[in-house]
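# Descriptive structure summary
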Amino acid sequence: MSTGSRQEHLVCSVQDVEDHPQVATVNDRKYIVVLTEDDVYAYQNICPHQGGPIAEGRVDTENCKIICPWHGWEFNFEEGENPYDTKIGKRLPQAPTVVRDKKVYILD
Amino acid sequence: MVKCMSKQAEPAPSQADVLEKGWPEKEERIDQEVIDCDAHIRESVDDLLKYMDDTEEKAYVKSDYFQYPKDGWDRSAGGRAGYADVSGPEAEMEIMEQLGLDTSIITPTANLYHGLLGNKDVANELARAYNRYLMDVWLDDHDIFKGMVFVPVQDPDVGAEEIEKYGDNDDIVGVFLNPVGPEKGLGDERYEPIYEAASKHDLTVGLHGAATTHSTFPLQTNYFHKFLEVHAISHPFQQMAQITSIICRGIPERYDLRFVSMEAGIGWVPYIYRLDKEFLARPNEAPHLDRLPSEVWNDKFWIVSQPMEETIPDGTIDGLAQMAGGWDNLLFATDWPHWDFDAPSVVKKTLPNEHWSKVYHENAREAYPKI
């Protein structure tokens, strides 16, 4: 399905992302997809600190954090926010998602 | 086309499971020349053994008894941050391509701890072997690499001999000096053969610290609990200690030299002005100085920005740069493959754009004229 100039891309089921955060590659671009109590979030593979490949880092599912493999900076699953009050590296770049019929789509 | 895979959840990742740093799809490219003033390699004992003479020191280094001093601190922060290697020139060139680097000044990793070797004869042999390895493997066939002569702080005369040996080589741009482990501050007269030889060959002296573990001049790091504490203080403190010694003993005033402070960032720089205050009250204790320490600093020292303190409050970076001797004195370095490396884009994110060219390459050519 097309939304404006972007296409919807089916990346996984809600159950998949509930089991584990997912890494999806859409049009050769990588995203990390996570689930919170309220929503599904997809983030681009670019750490806002120094541009590191955040989708290749660790995820801490106990504390709902995504951790960049370049320098260890961490971001909350929800809204991709840095949990600390820093002026740089504040938030992961988010990709729009659609959840329909228990399936997750990324708009790209 | 869509591909999807599960992301392994690891609230307590295994240390044995080393996470690689990886690469983003699109590293932010820098549209101008970039000179990396601190490009580490991971030289192994096996690499160096090939370049050691057949002496009893070589037999010792080859034996199970020998190991390079290591600090043992956890760079991965419990498996959170990745590990990267530079196994040889091909790997370094690939990294330079990824990061958009044009020239790299090659620096060691294991030999950051060379100053802690107690056996002077082994220290000398390893320094000689490292310089042979540096020339043969890295510099002789690769114009994009530049190097620094490694000198053993345990034996400054051997350091001077090494500088004599390689100092006129076109690819040698400086001298690499360990601030960690020397018996006295680097302004002590015992180190003057190194400065004399460096001056004779117009080489820049780079001071590059290390974290260390235990009671080692100039910092007793076992006082601290975690690597966060050790790493935050070790590099800047080593620079403060050795630059205090070098300036107060008048080394830059007596030898025509340039110095570079490496891998300590710029946040500690206001300390230099404390030195001015002390000097004004007791100039008789620094008889070789006819001007303020900060004037010597501004005139003779350059400073590598990595690890950039991009977290400092808005509006303060310009003041820090001025205290570092002005925007002409700031150099860029990646420090790759070490854990706290800087991508070149950090300059654009942190510093005013009118200074980018200076920091990316112009200042490096002033600090290291042979580049």
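Residues numbered from 1 in each chain as written. Chains lettered and ligands numbered in written order. Predicted model: local features only at pLDDT ≥ 70, side-chain atom pairs only at ≥ 80, totals over all residues. Heavy atoms only, no water.

Okay, the interface of chain B and chain A next. On the side of chain A, 41 residues touch chain B, which itself brings 39 residues to the contact. Counting each side, the surface lost to burial between chain B and chain A is near 3200 Å², with a carbon and sulfur contribution of 49%. Connecting chain B to chain A are two salt bridges. Between Arg80 of chain B and Glu74 of chain A there is a salt bridge, with its nearest N and O atoms 2.7 Å apart. Our count for the chain B to chain A interface comes out at 13 residue pairs in polar contact (both at pLDDT 80 or more). The set of elements that each furnish at least two residues to the side of chain B that touches chain A consists of strand E1 (2-6) and helix H12 (345-350) of chain B. Element by element, the count of residues in the side of chain B that touches chain A is highest for E1 of chain B, at five residues. Class assignment of the residues belonging to the side of chain B that touches chain A gives a composition of 17 nonpolar, eight polar and 14 charged. (Contact = heavy atoms within 4.5 Å. Buried area = accessible area lost by both parts, 1.4 Å probe. Salt bridge = Lys/Arg side-chain N within 4 Å of Asp/Glu carboxyl O. Polar contact = N/O pair within 3.5 Å; in protein donor to acceptor, adjacent residues only side chain to side chain. Helix = DSSP H or I, 4+ residues; strand = E, 2+ residues; numbered from the N terminus. Nonpolar A, V, L, I, M, F, W, Y, C, P; charged D, E, K, R; others polar.)

Residue and element names in this part refer to chain A. Pairing in this open sheet of three strands is antiparallel, and the strands run E6-E7-E8 from one edge to the other. Single-partner strands in this sheet number two, and they are strand E6 (58-60) and strand E8 (74-76). Between one strand and the next, the sheet's axes are offset by a mean angle of 25°, whatever the strand orientation. (Pairing = 2+ DSSP bridges. Axes fitted to C-alpha atoms, helices over the stretch in contact; angles between N-to-C directions.)

All names here are of chain B. Strand order in the open sheet formed by eight strands is E2-E3-E4-E5-E6-E9-E10-E11, with parallel pairing between adjacent strands. Each having just a single partner strand, strand E2 (35-40) and strand E11 (330-331) make up the two edges of the open sheet. The pairing of strand E4 (residues 145-150) with strand E5 (residues 172-177) spans four bridges and is parallel. Bridge pairing in E5 places Gly147 opposite Ile172.

For the rest of this paragraph, the subject is the environment of Leu228 of chain B. All names here are of chain B. Relative to the helices and strands, Leu228 resides in helix H7 (residues 227-248). Take Leu228: its relative accessible area is 68%, and that puts it in the exposed class. With 180 residues separating them in the primary sequence, Leu228 and Leu48 have C-alpha atoms 31 Å apart. (Buried < 20%, exposed > 50% of the residue type's maximum accessible area, 1.4 Å probe, protein only.)

The biggest cluster of nonpolar side chains holds 129 residues, and the ones touching the most others in it are Tyr195 and Tyr368 of chain B. No other element matches helix H4 (residues 120-139) of chain B, which puts 11 residues into this core. Discounting chain neighbours no more than four positions away, the residues touching Tyr195 of chain B are Leu177, Leu186, Val205, Ile246, Ile251, Tyr255, Leu257 and Phe259 of chain B. Formed by 13 residues, the second largest nonpolar core is a distinct cluster that contains Val11, Cys12, Val14 and Tyr31 of chain A. (Core = buried A, V, L, I, M, F, W, Y, C linked by side-chain atoms within 4.5 Å.)

Here chain A shows a mean pLDDT of 92. Residues at 70 or above account for 96%. Between the elements of chain A, mean pLDDT differs from a low of 58, seen in strand E1 (residues 2-3) of chain A, to a high of 97, seen in E8 of chain A. (pLDDT = per-residue confidence, 0-100.)

Residues and elements named next belong to chain B. Taken residue by residue, helix H6 (residues 192-200) has Glu192, Ile194, Tyr195, Ala197 and Ala198 as its buried positions. Check the buried side of H6 and you find it contacts helix H5 (156-166), E5, strand E6 (204-208), H7, helix H8 (251-254) and strand E9 (259-262). Count one or two residues on from H6 and you reach Asp202, which has phi positive near 55°.

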